[in-house]
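An overview of the molecular structure
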Amino acid sequence: MLLKPDLRLSRVIRITWKVDLWMIALCTGAYLLETYVIRGRIHIPAAIPALLGTALAFFIGFNNNQAYSRWWEARTTWGGLVNDSRSWTRSLSNYTQDEQEDGQNRLRRTVAVRMIYRNLGFLYALKSTLRGTDDQNYRTYLDQNDLTILSNHTNLPAGLLDLQSRDLQKLREAGQIDGYAFLALHDILVRFNENMGKCERIKNTLFPATYLYFTRVFIWILIAVLTLDIVQEAGVWSIGLGWLIGFVFHVTYLNGLSLMNPFDGNPACVPLDSIVRTIEIYILQTLNLSQIPDPIEAVNGEYIL
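On to the packing of helix 2 (residues 47-95) against helix 8 (residues 237-260), then. The relative placement of two packed helices is expressed as an angle between their axes plus a distance between the axes. At a minimum axis distance of 7 Å, the contact between helix 2 and helix 8 shows a crossing angle of 25°. By the angle between their directions, the pair helix 2 and helix 8 is classed as roughly parallel. The two elements helix 2 and helix 8 cross, and the hand of that crossing is left-handed. Touching Gly53, Leu56, Ala57, Ile60, Asn63, Asn64, Ala67, Tyr68, Arg70 and Trp71 of helix 2 are Phe249, Thr252, Tyr253, Gly256, Leu259 and Met260, all from helix 8. Tallied by class, residues from the contact of helix 2 with helix 8 come to 10 nonpolar, five polar and one charged.

This is the structure in structure tokens:
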């Protein structure tokens, strides 16, 4: 997630330099075609590039609007995971705590702490799945029995929620939590599952390829037609003007592309690393542990992942 309202020129160049070269080449080709081949025999009315630009603006506006909707839904979903993780930790810590620490309570607390740790494993496994990485951090918060059971699961986050549900039922059957606490914790598990499903839907639903393809095609057509149209008035400067108009449309289009897949590890993505670390710090502090990891730092002071 970007932290600053503006970008460094070096970053803009790194993002757009390849496209800029292709646009300059296209504008140069259009200029040479008009100057040495067409030579004014074919006149393109000014209304043609204007109509193309208007149509293209609608295409890019639709793409960017849908891309931002995907990004915002992803961010809202992870905001829900943050809130539910805090509620899960707080509820298990309080519902399983007595004033006198007898043997039964120690057993109860052991199960509760295991379920709290397992929630961290769930978040790390979900993050790894959404990012498409082989991140093994989730193993840090799971015991060997959990890891053995998960070896038979292809969907690790879903398997961890199954383990949470089983342990919650065991607490209820043993009378270690009452019915109200059971229902409250069960509702949180249901929300975990719903938010996981939302993330998977966003991850696995591809944006319509036709919109992306035709938007790129229309941008190139607009650049070529516009350059041909203004050669007689602007001369060689038509190359720079054609590039400038194309740059505006391309950067606007690329901005939407950067939001279209909100879980990818690009600077504009949802900062999953930072969100999970924030939850991790809260949980470990709630458990009164001394070794607390530091928050995720921004990359070059520009963005966090």
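Right, let's talk about a nonpolar patch on the surface for a bit. Taken together, the side chains of Ile48, Leu52, Tyr213, Phe214, Phe218 and Ile221 define a hydrophobic patch exposed on the protein surface, amounting to about 500 Å² of accessible area. Broken down by secondary-structure element, the contributors of at least two residues to the nonpolar patch are helix 2 and helix 7 (209-234). Looking at which element gives the most residues to the nonpolar patch, the answer is helix 7, with four residues. Position of Ile48 relative to the elements: it lies in helix 2. You can call Ile48 partly exposed: its relative accessible area is 38%.

With that settled, consider the nonpolar core. Counting residues in each nonpolar core, the largest one holds 65 residues, and the members touching the most others are Trp78, Trp88, Phe122, Phe192 and Phe263. At 11 residues, helix 3 (residues 103-131) tops the list of elements feeding residues into this core. Residues contacting Trp78, with those up to four places away along its chain left out, are Leu123, Leu126, Lys127, Leu130, Cys199, Phe263, Leu272, Ile275 and Val276.

Now for the environment of Phe59. With respect to the helices and strands, Phe59 occurs in helix 2. Taking C-alpha positions, Phe59 is 41 Å from Tyr138, a pair spaced 79 residues apart along the chain. With sequence-adjacent residues up to four places away left out, Phe59 is seen in contact with Tyr211, Phe214, Thr215 and Phe218.

A word on the packing of aromatic side chains. Tallied over the entire structure, the rule returns 13 aromatic pairs. Cation over ring: Arg86 sits above Tyr282, and NZ or CZ is 5.8 Å from the ring centre.

This brings us to the packing of helix 2 against helix 6 (residues 179-204). Where helix 2 meets helix 6, the closest approach of the two axes is 9 Å, and the angle between their N-to-C directions is 155°. For the element pair helix 2 / helix 6, the angle class is roughly antiparallel. As helix 2 runs across helix 6, the sense of the crossing is left-handed.

All right, on to unusual backbone geometry then. One non-glycine residue, Asn288, lies in positive phi territory at about 60°. You can see Asn288 is positioned in the segment after helix 9 (272-286). Looking at Asn288, the relative accessible area reads 69%, which means it is exposed.

With that settled, the discussion passes to the pattern of salt bridges. Oppositely charged side chains can pair when the atoms bearing their charge come close. As enumerated under the stated definition, the model contains nine salt bridges in all. Between Lys127 and Asp273 there is a salt bridge; the shortest N-O distance is 3.1 Å. Highlighted residues: Lys127 in helix 3 and Asp273 in helix 9, separated in sequence by 146 residues. Overall, the relative accessible area of 7% leaves Lys127 in the buried class.

This part covers the side chain of Arg118. Tracing the chain through its elements places Arg118 in helix 3. Discounting chain neighbours no more than four positions away, the residues touching Arg118 are Tyr141, Leu142, Asp146, Leu160, Leu163, Gln164 and Asp167.

Before going further, it helps to examine the state of the cysteines. Applying the stated criterion to the full structure yields zero disulfides. With no disulfide partner, Cys269 has as its closest neighbouring cysteine sulfur the one in Cys199, 13 Å distant. Accessibility expressed as a relative area gives 0% for Cys269, which makes it buried.

Its place among the elements puts Arg131 in helix 3. Only 3.0 Å separates the side chain of Arg131 from the backbone oxygen of Phe263, close enough to count as a polar contact. Among the polar contacts made by the side chain of Arg131, one reaches the side chain of Asp273 at a distance of 3.3 Å. Every residue in contact with Arg131, bar those within four places of it in the chain, is listed here: Phe263, Asp264, Gly265, Cys269, Val270, Pro271, Leu272, Asp273 and Leu305.

End to end, helix 7 covers 36 Å across 26 residues, agreeing with the expected 38 Å (1.5 Å per residue, within 8%). At Leu228, helix 7 shows its maximal kink, close to 30°. Phi for Gly235, located one or two positions after helix 7, is positive at around 65°.

Definitions and cut-offs
- Residues numbered from 1 in each chain as written.
- Predicted model: local features only at pLDDT ≥ 70, side-chain atom pairs only at ≥ 80, totals over all residues.
- Heavy atoms only, no water.
- Axes fitted to C-alpha atoms, helices over the stretch in contact; angles between N-to-C directions.
- Helix = DSSP H or I, 4+ residues; strand = E, 2+ residues; numbered from the N terminus.
- Parallel < 35°, antiparallel > 145°, perpendicular 65-115°, else oblique.
- Left-handed = near helix turned anticlockwise from the far one by under 90°.
- Contact = heavy atoms within 4.5 Å.
- Nonpolar A, V, L, I, M, F, W, Y, C, P; charged D, E, K, R; others polar.
- Patch = residues over 30% accessible without salt bridge, like charges linked within 9 Å, V, L, I, M, F, W, Y side chains within 5 Å.
- Areas by Shrake-Rupley, 256 points an atom, 1.4 Å probe, with all protein chains shown as cover.
- Salt bridge = Lys/Arg side-chain N within 4 Å of Asp/Glu carboxyl O.
- Buried < 20%, exposed > 50% of the residue type's maximum accessible area, 1.4 Å probe, protein only.
- Core = buried A, V, L, I, M, F, W, Y, C linked by side-chain atoms within 4.5 Å.
- Phe/Tyr/Trp six-rings, centres within 6.5 Å; stacked < 30°, edge-to-face > 60°.
- Lys NZ or Arg CZ within 6 Å of the ring centre and 35° of its normal.
- Disulfide = S-S within 2.5 Å.
- Polar contact = N/O pair within 3.5 Å; in protein donor to acceptor, adjacent residues only side chain to side chain.
- Expected span 1.5 Å × (residues − 1).
- Bend = angle between axes of the 7 residues up to and from the residue.

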